[in-house]
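One letter stands for each residue in the lines below.
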Amino acid sequence: MAYTSFGEFVRILRVKHHEVMGDMAKVLEVSLPFLSAVENGKKNVPTEWIEKITEHYGLSEQEQKSLAEAIEESKTHFKIVASNAGNMKRKTALQFARSFDEMDDETALKILALLRKQEDKTE
């Protein structure tokens, strides 16, 4: 069974605190199958879980940062709000979405490099 970065993070957290998945499900006020689906990447991590996990497990600042990174890496669904985007940006987003499943790693790396260059220009 493949776990997401979030799934790995919380499994380690549970072990450190001598808890099982059912204990965490109670803390998060969700069913055990829902928690499992999130850990396995079938569902995105609900935003309200960050605070609940941080408080219950007394996460340090560094652990909170690691949790946020794990959640970001584990996202399975993304939303682009294009209401204020121009026509070219909309076309680009749609083409990217259409091409995503067939994209190879080399192409993905090129796109990522291009976007990082653009990001560097704006900083």
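Conventions adopted
- Residues numbered from 1 in each chain as written.
- Predicted model: local features only at pLDDT ≥ 70, side-chain atom pairs only at ≥ 80, totals over all residues.
- Heavy atoms only, no water.
- Salt bridge = Lys/Arg side-chain N within 4 Å of Asp/Glu carboxyl O.
- Helix = DSSP H or I, 4+ residues; strand = E, 2+ residues; numbered from the N terminus.
- Buried < 20%, exposed > 50% of the residue type's maximum accessible area, 1.4 Å probe, protein only.
- Axes fitted to C-alpha atoms, helices over the stretch in contact; angles between N-to-C directions.
- Parallel < 35°, antiparallel > 145°, perpendicular 65-115°, else oblique.
- Contact = heavy atoms within 4.5 Å.
- Nonpolar A, V, L, I, M, F, W, Y, C, P; charged D, E, K, R; others polar.
- 1 Å grid on protein atoms, 1.4 Å probe; cavity = no way out; pocket = protein on both sides within 12 Å on 5 of 7 lines; lining within 4 Å.
- Points joined across faces, edges and corners; volume = space filled by probe spheres on them.

J.: Break down the pattern of salt bridges for me, with residues and values.
T.: One pass over the full model with this rule turns up 5 salt bridges. In this structure, the salt-bridge partner of Arg14 is Glu39, at a minimum N-O distance of 2.6 Å. Here the residue Arg14 occupies a position in helix α1 (residues 5-16), and Glu39 occupies one in helix α3 (residues 32-39), the gap between them amounting to 25 residues. Grouping residues by exposure puts Arg14 and Glu39 together as buried. One salt bridge connects Lys16 with Glu63, and the closest N-O pair in it is separated by 3.3 Å. Remark: Glu63 occurs in helix α5 (residues 61-74) and Lys16 occurs in helix α1; sequence separation between them is 47 residues.

J.: Just give me the short version of the packing of α1 against α3, but keep the residues and values in it.
T.: One way to put it is that α1 packs onto α3 with a least axis distance of 8 Å and a crossing angle of 125 degrees. One way to sum up the angle between α1 and α3 is to call them oblique. On α3, the residues that touch Phe6, Gly7, Val10, Arg11 and Arg14 of α1 are Leu35, Val38 and Glu39. Here the residues of the contact of α1 with α3 are counted per class, giving 4 nonpolar, 1 polar and 3 charged.

J.: Lay out the layout of surface pockets with the relevant residues and their values.
T.: Of the volumes computed, that of the largest pocket is approximately 960 Å³. Along the walls of the largest pocket sit 25 residues, with Ile80, Phe96, Ala97, Phe100 and Met103 positioned nearest its centre. At the level of elements, α5, α6 (87-99) and α7 (105-122) are the ones that each hand at least two residues to the lining of the largest pocket. Each residue belonging to the lining of the largest pocket can be placed in one class, and the counts come to 14 nonpolar, 3 polar and 8 charged.

J.: So what's going on with unusual backbone geometry? Which residues, and what values?
T.: Despite not being glycine, His18 has its phi angle at roughly 55 degrees, a positive value. Mapped onto the elements, His18 comes out in the loop between α1 and α2 (21-28). Exposure remark for His18: the relative accessible area of 74% places this residue in the exposed category. One non-glycine residue, Glu29, lies in the positive phi region at around 60 degrees. Of note, Glu29 is situated in the loop between α2 and α3. Residue class for Glu29 comes out exposed when judged on its relative accessible area of 65%.

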